[in-house]
Amino acid sequence: MILLSKLVGSYQETVIFVADYMQIQFDDAILTIFGYPSVSKELNKVISQDSVDYYKTLISNNGHYVIGIDQQKDSRKILYDNKTVITISMILETVHPEVYMLQFSNNEWDVE
């Protein structure tokens, strides 16, 4: 079991966009994603990162709960109760040696 699965049941408090990474703050954890993940909403329609809807969708997750984590060899998916899916690619296409970092308030942490 990966530590990311401990996000199930957590709700998103806020999202912060920085030049080449983003942070999602949950009630008990902070997830830093190096690079920008893919985002889809209902019917698996991927929202382009250059669209304002990309940012609106991520922000609209504030106050919503994580209902599942789907771990695949090449991706990690975070599923929300409002039918949003954030997909983190595990294929290293960026200059970062890590894909994401997750830290909980009890000092548990994980880097992939």
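It should be emphasised that the depicted structure is a prediction, and the values quoted were computed from it without experimental measurement. Note that residues are indexed from 1 along each chain, following the sequence as it is written. Under the rules for a predicted model, residues below a pLDDT of 70 receive no local features and side-chain atom pairs below 80 are neither given nor counted, while totals for whole chains, interfaces and linings still include all residues. Excluded from the side-chain calculation are hydrogens and water; included are all heavy atoms of the structure.

A.B. asks: Explain helix H1 (residues 52-60) here, please?
C.D. replies: Because each turn of an α-helix spans 3.6 residues, side chains separated by three or four positions in sequence point in the same direction. Relative accessibility thresholds used throughout: buried, under 20% of the residue-type maximum; exposed, over 50%; partly exposed, between the two (1.4 Å probe, protein chains only). Here a helix means four or more residues in a row that DSSP labels H or I, a strand means two or more in a row labelled E, and each is numbered from the N terminus. Here H1 has its buried residues at Tyr54, Thr57 and Leu58. Down the axis of H1, the sector holding all buried residues measures 95°, keeping them to one side. With respect to the buried face of H1, the exposed residues turned more than 90 degrees away are Val52 and Lys56. Contacts are assigned to residue pairs that have any heavy atoms within 4.5 Å of one another. Buried-residue contacts for H1 involve strand S1 (12-18), strand S2 (21-26), strand S4 (38-41), strand S5 (45-47) and strand S8 (84-89). N-cap assignment for H1: the residue whose side-chain oxygen lies 3.0 Å from the backbone N of aspartate 53 is serine 51. In this context, the arc is that of the directions from the helix axis out to the C-beta atoms. Definition of a polar contact: a pair of N or O atoms within 3.5 Å, with one able to donate and the other able to accept a hydrogen when the atoms are protein atoms, and with sequence-neighbouring residues admitted only if both atoms are side-chain atoms.

A.B. asks: Help me out: how do you make sense of the sheet that holds strand S10 (residues 109-111) in this one?
C.D. replies: Strands in a sheet are paired, the pairing made by backbone hydrogen bonds, and the direction either parallel or antiparallel. Read across the open sheet, the five strands follow the order S1-S2-S3-S9-S10; overall the sheet is antiparallel. The two strands at the open ends of the sheet, each matched to only one other strand, are S1 and S10. Strand after strand, the sheet turns through a mean of 10° between neighbouring axes, direction not considered. Bridging between strand S3 (residues 29-34) and strand S9 (residues 100-104) involves five bridges; their strand directions are antiparallel. Bridge pairing links threonine 32 to methionine 101 in S9. A strand pair is defined by DSSP finding two or more bridges across the two strands. In this analysis, axes come from line fits to C-alpha atoms, helices being fitted only over the stretch in contact, and the angle between any two N-to-C directions falls in the range 0 to 180 degrees.

A.B. asks: Got a minute to help me understand unusual backbone geometry in this structure?
C.D. replies: With the exception of glycine, the majority of residues adopt a negative phi angle, and the majority of peptide bonds are in the trans configuration. Phi at lysine 83 is positive, roughly 70°, even though this residue is not glycine. On the secondary structure map, lysine 83 appears in the loop between strand S7 (75-80) and S8. One non-glycine residue, asparagine 107, lies in positive phi territory at about 75°. Take asparagine 107: it is sitting in the loop between S9 and S10. Relative accessible area serves as the criterion here: at 56%, asparagine 107 is assigned to the exposed category.

A.B. asks: Before we go on, may I ask you to explain the pattern of salt bridges in this structure?
C.D. replies: Working definition: two side chains of opposite charge can pair if their charged atoms are close together. What counts as a salt bridge is simple: a side-chain nitrogen of Lys or Arg found within 4 Å of a carboxyl oxygen of Asp or Glu. As enumerated under the stated definition, the model contains two salt bridges in all. For the salt bridge of arginine 76 with glutamate 112, the shortest nitrogen-to-oxygen distance reads 2.7 Å. Of this pair, arginine 76 sits in strand S7 while glutamate 112 is found in the segment after S10, placing the two residues 36 residues apart along the sequence.

A.B. asks: Looking at this model, I keep getting lost on the side chain of threonine 57. Mind explaining?
C.D. replies: Secondary-structure assignment places threonine 57 in helix H1. Here threonine 57 falls in the buried class, since its relative accessible area comes to 9%. Beyond its immediate sequence surroundings of up to four residues, threonine 57 is in contact with Val39, Lys41, Ile47 and Thr84.

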